[in-house]
Amino acid sequence: MMNSYTTYIFDLDGTLLNTLDDLAASTNHALRSMGMPERTIEEVRRFVGNGVRKLIERAVPEGSSPVVVDEALSRFRQHYLEHNLDTTRPYDGIEEMLKRLKARGCRLAIVSNKFYAATQELARHFFPNTIEVAIGEHEAECIRRKPAPDTVEEALRQLGVGKEGAVYVGDSDVDVLTARNSGLPCISVLWGFRTKEFLLQHGAAVFASSPGDICDCL
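Every chain is numbered on its own, with residues counted from 1 as its sequence reads. Local features are withheld for residues below a pLDDT of 70 in this predicted model, meaning they are given only at 70 or higher, and side-chain atom pairs are given and counted only at 80 or more; totals for whole chains, interfaces and linings count all residues. Side-chain descriptors were evaluated using all non-hydrogen atoms of the structure, hydrogens and water having been removed beforehand.

A.B. asks: I'd like to hear about the pattern of salt bridges, residue by residue, with values.
C.D. replies: Between Lys or Arg on one side and Asp or Glu on the other, a salt bridge is scored when a side-chain nitrogen of the former is within 4 Å of a carboxyl oxygen of the latter. Enumeration over the complete set of coordinates arrives at 16 salt bridges. With a closest N to O distance of 3.7 Å, E132 and K102 form a salt bridge. Highlighted residues: E132 in the loop between α6 (116-126) and β5 (133-137) and K102 in helix α5 (residues 94-103), separated in sequence by 30 residues. Strands are runs of DSSP state E lasting at least two residues, helices are runs of H or I lasting at least four, and both sets are numbered from the N terminus onward.

Quick look at the structure:
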C-alpha cells in the first residue's frame, strides 16, 4: 500500500549519503596537524550527529581548551570543504527512491547539522533534480541545530508547505528527537550510522531497511 505523505524531510549524513570516510579523514587531518592522536572510523561514527563542533569536541583529547577546539574545528572545516567529495556517495537505491517520490509529486528537502556551505554543496552535487531545499547548520541566523525543530521549520517554510502530510527521515537518535520536537512522524533508516537496537532504545518505532521501503512506509 502506498503512503499518503506528500513532503519528505531528510537527514543527510547516514541517511542519503555515506559521508563517514570523508568526515573521518578531515577529523584526522585536523588532529594530526595539531599533534593529537587520530580516531578510528568507528569512533567517528559514534561522534557524528550533533554538528561538526560536537564532532571535534569529542575527537580532541579530553580536557582540551575551547581555543584548541576552535583551531581544530577551523582546520577540519577547511579540509572538509576541499575533500567532502573524495569518497562520499549516495547509499544504493537512494537516487531511485528520490526520483520515485518526485515523480509522485512529493516535496523533498534536506536538514542537516553539517555546516551550511557543505550541506548546500553536497545537495547540489548529488541531488540537483530532486531535492528542492537544503538547510545546514545556521545558528548565526538564530536557526538552532537539530534536535531543535528550527531547521525542519525553515525547510517547510522554504518549500511553502505545512506539517500536514510531512514526514521526517533519519538514521540517528538526534533525528528521532528532531521529528518529535517538530511534531512530525519519523522513519528511521537502518543503513546509516546507528544500529536498530540503539534506535529502539531512543524511541524509534518505524523503520526502513532499504530506500525502497521509504516509498511504501505508512
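A.B. asks: Give me the lowdown on empty space enclosed by the protein, citing residues and values where you can.
C.D. replies: Definitions used for this entry: grid spacing 1 Å over protein atoms alone; cavity, a set of points where a 1.4 Å probe fits but cannot get out; pocket, an open set with protein on both sides within 12 Å along at least 5 of 7 lines; lining residue, one with an atom within 4 Å of a point. Grid points are joined across faces, edges and corners, and a volume is the space filled by probe spheres set on the points. By the definition in use, this model includes one cavity of 30 Å³ or more. By volume, the largest cavity amounts to about 240 Å³. Lining the largest cavity are 19 residues; nearest its centre among them are D13, V48, G49, N50 and N113. Breaking the lining of the largest cavity down by element, the ones donating at least two residues are α3 (52-59), β4 (107-115) and α8 (173-182). For the lining of the largest cavity, the leading source of residues is β4, giving three residues. Residues are grouped as follows: Ala, Val, Leu, Ile, Met, Phe, Trp, Tyr, Cys and Pro are nonpolar; Asp, Glu, Lys and Arg are charged; every other residue, Gly included, is polar. Its residues assigned to classes, the lining of the largest cavity comprises six nonpolar, six polar and seven charged.

A.B. asks: Go over the state of the cysteines with me, naming the residues and quoting the values.
C.D. replies: The disulfide criterion used throughout: a pair of cysteine sulfur atoms within 2.5 Å. This structure, assessed with the given rule, holds zero disulfides. Summary of cysteine pairing: C215 is not part of a disulfide, and the nearest cysteine sulfur, belonging to C106, is at 8.3 Å.

A.B. asks: Any details on the packing of aromatic side chains? Residues and values, ideally.
C.D. replies: Ring geometry is summarised as follows: Phe, Tyr and Trp rings, the Trp one being its six-membered ring, pair when their centres sit within 6.5 Å, and such pairs are stacked at plane angles under 30 degrees, edge-to-face over 60 and tilted between the two. Scanning the entire structure with this criterion turns up five aromatic pairs. Ring geometry for Y8 versus F10: centroids 6.1 Å apart, planes at 15 degrees, classification stacked. The residues Y8 and F10 share a single accessibility class, namely buried. Taken together, a centroid distance of 6.2 Å and an interplanar angle of 70 degrees make the contact between Y80 and F115 edge-to-face. Placement of the pair is Y80 in helix α4 (residues 66-83) and F115 in strand β4, with a sequence separation of 35 residues. With respect to class, Y80 is no different from F115; both count as buried. Chaining the aromatic ring pairs together yields one cluster made of Y5, Y8 and F10. In this analysis the charged atom, NZ for Lys or CZ for Arg, is taken to sit over a ring once it is within 6 Å of the ring centre and within 35 degrees of the ring normal. Geometry around F198 places R194 over its ring, the cationic atom sitting 5.7 Å from the centre. Sitting over the face of the ring of F207, K196 holds its NZ or CZ atom 5.0 Å from the ring centroid. Three exposure classes are used, based on accessible area relative to the maximum for each residue type with a 1.4 Å probe and protein chains only: buried under 20%, partly exposed in between, and exposed over 50%.

A.B. asks: Got a sec to walk through α5? Specific residues and values, please.
C.D. replies: Three or more residues of α5 are buried, namely I94, M97, L98 and L101. All buried residues of α5 fall inside an arc of 95 degrees around its axis, so they share one side. Within α5, the exposed residues directed more than 90 degrees away from the buried face are K99 and A103. Residue contacts are defined here by distance: any two heavy atoms, one from each residue, within 4.5 Å place the two residues in contact. Against β1 (7-10), β3 (89-90), β4 and α10 (211-216) lie the buried residues of α5. Of the residues flanking the end of α5, it is G105, one or two places downstream, whose phi is positive at about 90 degrees. Arc definition: it is the arc formed by the directions from the helix axis to the C-beta atoms.

A.B. asks: Just give me the short version of helix α1 (residues 20-33), but keep the residues and values in it.
C.D. replies: Note on helix geometry: an α-helix contains 3.6 residues per turn, so any two residues three or four positions apart are oriented the same way. The end-to-end C-alpha distance of α1, which contains 14 residues, comes to 20 Å, matching closely the 20 Å that a straight helix rising 1.5 Å per residue would cover. Restricting attention to buried positions, one finds in α1 the residues L20, D22, L23, A24, S26, T27, N28, A30 and L31. Residues of α1 that are buried make contact with β2 (17-18), α2 (41-47), α3, α4 and β4. Take the number of residues in a helix, subtract one, and multiply by 1.5 Å to get its expected span.

A.B. asks: Before we move on, can you summarise the pairing of strand β6 (residues 166-170) with the specific residues and values?
C.D. replies: β6 sits mainly inside the fold: five of its five residues count as buried. Here β6 shows a buried face lined by A166, Y168 and G170 and a second buried face lined by V167 and V169. In the sheet, β1 pairs with β6 via four bridges, with the strands oriented parallel. Opposite T7, over in β6, you have A166 as the bridge partner. The pairing criterion is simple: DSSP has to find at least two bridges between the two strands. Examined bridge by bridge, β6 and strand β7 (residues 186-189) share three bridges and lie parallel to one another. For G170, the partnering residue across the bridge sits in β7 and is S188.

A.B. asks: I'd love a proper account of the packing of α1 against α4, names of residues and values included.
C.D. replies: Packing of α1 against α4 brings their axes to within 8 Å, and their N-to-C directions diverge by 140 degrees. Taken as axis vectors, α1 and α4 run oblique relative to one another. The two elements α1 and α4 meet at a crossing, and its hand is right-handed. Of the residues in α4, those touching α1 at D22, L23, A25, S26, T27, H29, A30 and S33 are A72, R75, F76, H79, Y80 and H83. Considered class by class, the residues forming the contact of α1 with α4 number six nonpolar, six polar and two charged. With axes taken as lines fitted to C-alpha atoms, and helix axes fitted only over the stretch in contact, angles between N-to-C directions fall between 0 and 180 degrees. Here roughly perpendicular refers to angles of 65 to 115 degrees, roughly parallel to angles under 35, roughly antiparallel to angles over 145, and oblique to all remaining angles. Handedness of a crossing is defined here by the sense of rotation of the near helix relative to the far one, left-handed for an anticlockwise turn of less than a right angle and right-handed for a clockwise turn.

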